[in-house]
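An overview of the molecular structure
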Amino acid sequence: MKKIIVDENFWELFPEAEIFIVTAKEINNQVNEEDDPYFSDLLARGKHDAQKFLTADSFSQNEVIQEWRQAFSQFKTKKGARSSIEALLKRASQDRTFNPINPLVDLYNSVSLKYAVPCGGEDIASISGDLHLGKAKGGESFKPLGANEDAPALPEEIIYYDEVGAVCRCFNWREAQRTMLQENTTDAILVIEAINAQQAMRAKMAAAELSQLIEGYFKVKTTTATLTKKTPEQQI
């Protein structure tokens, strides 16, 4: 992977969007059970902070949920697909416990909850060619976590994709097994998405905090970038 590129057809749908990128290399993402209390506490604090975005009597009426459902209505999606932040906030609203998965995933989930913005991550070594965000042609291969069969992208669906197929379907709904962050990941790209100015303010803070958390835990130096309509690509 050399670059991340946001295609022009994405900006046609979301001209005010900002995509925040954090890149971390030469990390050790192995799970150390001695660190579980740290990650459990970080996730618990994220869940606590998420409550300020859950003030409506009905879960679906919360502003963050409404914004992302409206965004998903602007392109073709798999039936029932929702934004990743909706899935996290739903669990928070049900007072469910967030258990550690692996360090990178735990770190980005904690800031995703805290700032109510979608966060995701990919293993750079598993991406073939450049990583794009844009409209699917249709048929891009995709196998989500836990699936044994291919679930290809739909025409006009917003996806992250590379030369092999879809990396993340329905904008930020679900990531592919092929490129997901695992314990053997050493180089990673973390992505935080915003579709309007208010979200972008939170996403910017989330990206800064995620960068600090990664540098503090892994003892590496991260790089950050922001993709907009005027600056739609970034060297990795």
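The coordinates are above.
First, a word on what this report is: a plain description of the structure on this page. Note that the structure is a prediction, hence the values are computed from the model and not measured. (Residues numbered from 1 in each chain as written. Predicted model: local features only at pLDDT ≥ 70, side-chain atom pairs only at ≥ 80, totals over all residues. Heavy atoms only, no water.)

With seven of seven residues buried, strand 8 (residues 188-194) lies mostly within the body of the structure. By the alternation rule, side chains of strand 8 split into Ala 188, Leu 190, Ile 192 and Ala 194 and Ile 189, Val 191 and Glu 193, which are all buried. By the bridge criterion, seven bridges tie strand 2 (residues 18-24) to strand 8 in an arrangement that is antiparallel. Note on strand 8: the bridge partner recorded for Thr 23 is Ile 189. Across five bridges, the pairing between strand 3 (residues 119-123) and strand 8 is antiparallel. Within strand 8, the residue paired with Gly 120 across the bridge is Val 191. (Buried < 20%, exposed > 50% of the residue type's maximum accessible area, 1.4 Å probe, protein only. Helix = DSSP H or I, 4+ residues; strand = E, 2+ residues; numbered from the N terminus. Pairing = 2+ DSSP bridges.)

The strand order across the open sheet built from six strands is 7-6-5-4-1-10, with neighbouring strands paired in mixed fashion. On the outer flanks of this sheet lie strand 7 (174-175) and strand 10 (233-235), each paired with one strand and no other. Pairing of strand 4 (residues 131-135) with strand 5 (residues 158-161) involves four bridges; the strand directions are antiparallel. Its bridge partner lying in strand 5, Lys 135 is registered against Ile 158.

Moving on, we come to the pattern of salt bridges. It is possible for side chains bearing opposite charge to pair when their charged atoms get close. Here the structure, examined in full by the defined rule, presents ten salt bridges. Among the charged side chains, a salt-bridge network with shared partners connects Arg 69, Arg 82 and Glu 86. (Salt bridge = Lys/Arg side-chain N within 4 Å of Asp/Glu carboxyl O.)

Quick look at the pairing of strand 6 (residues 166-169) now. Relative to strand 6, strand 5 is paired through two bridges, and the arrangement is antiparallel. Pairing of Tyr 161 across the sheet is with Ala 166, part of strand 6. Between strand 5 and strand 6, which follow one another and run antiparallel, lie four residues. Pairing between strand 6 and strand 7: two bridges, direction antiparallel. Residue pairing in the sheet places Arg 169 in a bridge with Arg 174 of strand 7. Here strand 6 folds back onto strand 7, and the loop between the two strands holds four residues, one of which, Cys 170, carries a positive phi near 50°.

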